[in-house]
Amino acid sequence: MTQTDDIKQRIDLVDLVQGYVKLNQAGTNWKARCPFHNEKTPSFMVSREKQIWHCFGCGRGGDAFSFIQEIEGMDFPETLRFLAERAGVELTRDDPKLRTQKTLAFDVNAFAAKVYNRILLEHEKAQPARDYCARRELSPETIETWQLGYAPES
């Protein structure tokens, strides 16, 4: 089973959609006015049994992944991370589907923040910066939480 399948099994589509749209039960399905186009009468349907959604007005439809992509404007890797967190699924970092320019940039920035934070806390050339933090009454917890850092001129 893939990580995507695991997420789909753990996410209830009706609960997910209700976070964005007020659904009303209609037999075994749920209905609402479509969040993707203006309409006067509900044509947006969600099936808990099949874990799919469809709008008979605009023709859009799909599963939990496509719903989040449409409603949040996310690409697939972002949606995968979002739903994995919600479902409590830990994603492996080496999954090529997760590597986009955007996620790579976030990872590089997170690594740089850790490096500069460590330099601030431990490097001898960072003593003036540590003194400055002390004068500003920044607690070690604040420095850690906000990952404050220091970059020596070298």
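What this report covers is the structure whose coordinates are included nearby. (Residues numbered from 1 in each chain as written. Predicted model: local features only at pLDDT ≥ 70, side-chain atom pairs only at ≥ 80, totals over all residues. Heavy atoms only, no water.)

So, the packing of helix 3 (residues 64–72) against helix 4 (residues 76–87)
Now for step 1: One can describe the packing of helix 3 onto helix 4 by two numbers: an axis separation of 9 Å at closest approach and a directional angle of 115°. As judged from the angle between their axes, helix 3 and helix 4 are roughly perpendicular. Crossing of helix 3 against helix 4: the hand is right-handed. Residues Ala-64, Phe-65, Ile-68 and Gln-69 of helix 3 form the contact with helix 4, whose own contacting residues are Phe-76, Thr-79, Leu-80, Phe-82 and Leu-83.
Now for step 2: Taken together, the residues of the contact of helix 3 with helix 4 break down into seven nonpolar, two polar and no charged. (Axes fitted to C-alpha atoms, helices over the stretch in contact; angles between N-to-C directions. Helix = DSSP H or I, 4+ residues; strand = E, 2+ residues; numbered from the N terminus. Parallel < 35°, antiparallel > 145°, perpendicular 65-115°, else oblique. Left-handed = near helix turned anticlockwise from the far one by under 90°. Contact = heavy atoms within 4.5 Å. Nonpolar A, V, L, I, M, F, W, Y, C, P; charged D, E, K, R; others polar.)

Some thoughts on the environment of Lys-8
Now for step 1: When you line up the elements, Lys-8 lands in helix 1 (residues 3–10).
Now for step 2: Along the chain, Lys-8 and Ala-87 lie 79 residues apart, while their C-alpha atoms are 8.5 Å from each other.
Now for step 3: In this view, Lys-8 contacts Asp-63 and Phe-65; residues no more than four positions away in its chain are not counted.

Brief notes about the pairing of strand 3 (residues 44–47)
Now for step 1: Inspection of the sheet shows strand 2 (residues 29–32) paired to strand 3 by four bridges, in the antiparallel sense. Looking at the pairing, Lys-31 lines up with Met-45 of strand 3.
Now for step 2: Note: strand 3 against strand 4 (residues 52–55), four bridges, orientation antiparallel. Bridging from a neighbouring strand, Met-45 pairs with His-54 of strand 4. (Pairing = 2+ DSSP bridges.)

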